Amino acid sequence: MNYYVLFADLRVKGLATVMSVPKGIEIMNTMTSEKQPNYSKKEIQLELSSGSGSFRGHIMGGILPLFRDELLDAFDEFGVENYQSQPTEMLDPATNEIEYGYHLTNIIGLKACVERYNWNAKPWNRPARIEYFQIDSTKTDNLAIFRLKEQPNLIIINQKLRDFLIEKEMVAIRMIPTEEFNSLM
């Protein structure tokens, strides 16, 4: 099985981004991959970064995992169950208008599955970033999407989910094979 890193395509001209975290949201909670008790149906308000363009992709660029409604609908249709989401209101500071359609998304499932990663090494002897790596599929619990314990900010998807998202024509997302991924992408 092949695996891919899923993220916003920041090369897209005019892509909107969110670079701040609102009060009451802990960014580290979005990377623990544990179910969060504070997720609700109540919308949280975020502010688009100054200089955000008018293009809206299926993943919002920035520091929070923000997925568009259609992407979460595709997850549901595919059968992904290991996520939770909270709706957002996006304030555009340039127009003072509120936009809807994105969710703060928590991918549940932190997997230690990078081949040849040395968990016995002292923490300071482990790599700071994971690049050009392979996934040991026997350690993924057959999840179609998960985060890496070795680098929790990375979201990994399997080949079947990738193909499904391509079929659904998701825009402004990148799905790079783990063997080709580097942090400069």
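Here the structure is a predicted model, which means the values were calculated and not measured.

Definitions and cut-offs
Sequence order sets the numbering: in each chain, residues are counted from 1 along the sequence as written. Under the rules for a predicted model, residues below a pLDDT of 70 receive no local features and side-chain atom pairs below 80 are neither given nor counted, while totals for whole chains, interfaces and linings still include all residues. Only heavy atoms go into the side-chain values, all of them from the structure, while hydrogens and water stay out. Throughout this description, the term salt bridge denotes a Lys or Arg side-chain nitrogen within 4 Å of a carboxyl oxygen of Asp or Glu. Only protein chains enter the calculation, and the probe is 1.4 Å; a residue is then buried if its accessible area is under 20% of its type maximum, exposed if over 50%, and partly exposed in between. In DSSP terms, a helix is any run of H or I states spanning at least four residues, a strand is any run of E spanning at least two, and both are numbered starting from the N terminus. Two N or O atoms form a polar contact when they lie within 3.5 Å of each other; inside protein one atom must be a possible hydrogen donor and the other a possible acceptor, and for residues adjacent in sequence the pair counts only when both atoms belong to side chains. Note: two strands are recorded as paired if DSSP finds a minimum of 2 bridges between them. Throughout, a contact is declared for two residues whenever any of their heavy atoms are within 4.5 Å. Axis geometry follows a simple rule: fit a line to the C-alpha atoms, using only the stretch in contact for helices, then measure angles between N-to-C directions, giving values from 0 to 180 degrees.

We now examine the pattern of salt bridges. According to the stated counting rule, one finds eight salt bridges in the structure shown. Of the charged contacts in the structure, one is a salt bridge between Arg 68 and Glu 70, with a shortest N-O distance of 3.3 Å. With a closest N to O distance of 4.0 Å, Asp 136 and Lys 139 form a salt bridge. Accessibility expressed as a relative area gives 45% for Lys 139, which makes it partly exposed.

The next thing to look at is helix α2 (residues 159–167). Of all the positions in α2, only Gln 159, Leu 161, Phe 164 and Leu 165 are classed as buried. The N-capping residue of α2, defined by a side-chain oxygen 3.2 Å from the backbone nitrogen of Lys 160, is Asn 158. Residue Glu 169 follows α2 closely and has a positive phi angle near 60°.

Moving on: the pairing of strand β1 (residues 3–8). Taken across its six residues, β1 has six buried, putting it largely inside the fold. For β1 and strand β11 (residues 155–158), the ladder comprises four bridges, and the chain directions are antiparallel. If you follow Tyr 3 over to β11, its bridge partner there is Asn 158. Here β1 pairs with strand β12 (residues 173–177) via five bridges, running antiparallel.

The five strands lie next to each other as β9-β10-β11-β1-β12, forming an open sheet whose pairing is mixed. The two strands at the open ends of the sheet, each matched to only one other strand, are β9 (110–111) and β12. Pairing between strand β10 (residues 145–148) and β11: three bridges, direction antiparallel. Considered in β11, the bridge of Phe 146 is made with Ile 156. Relative to the sheet, α2 contacts β1, β10, β11 and β12, its axis offset from that of β11 by approximately 90°.

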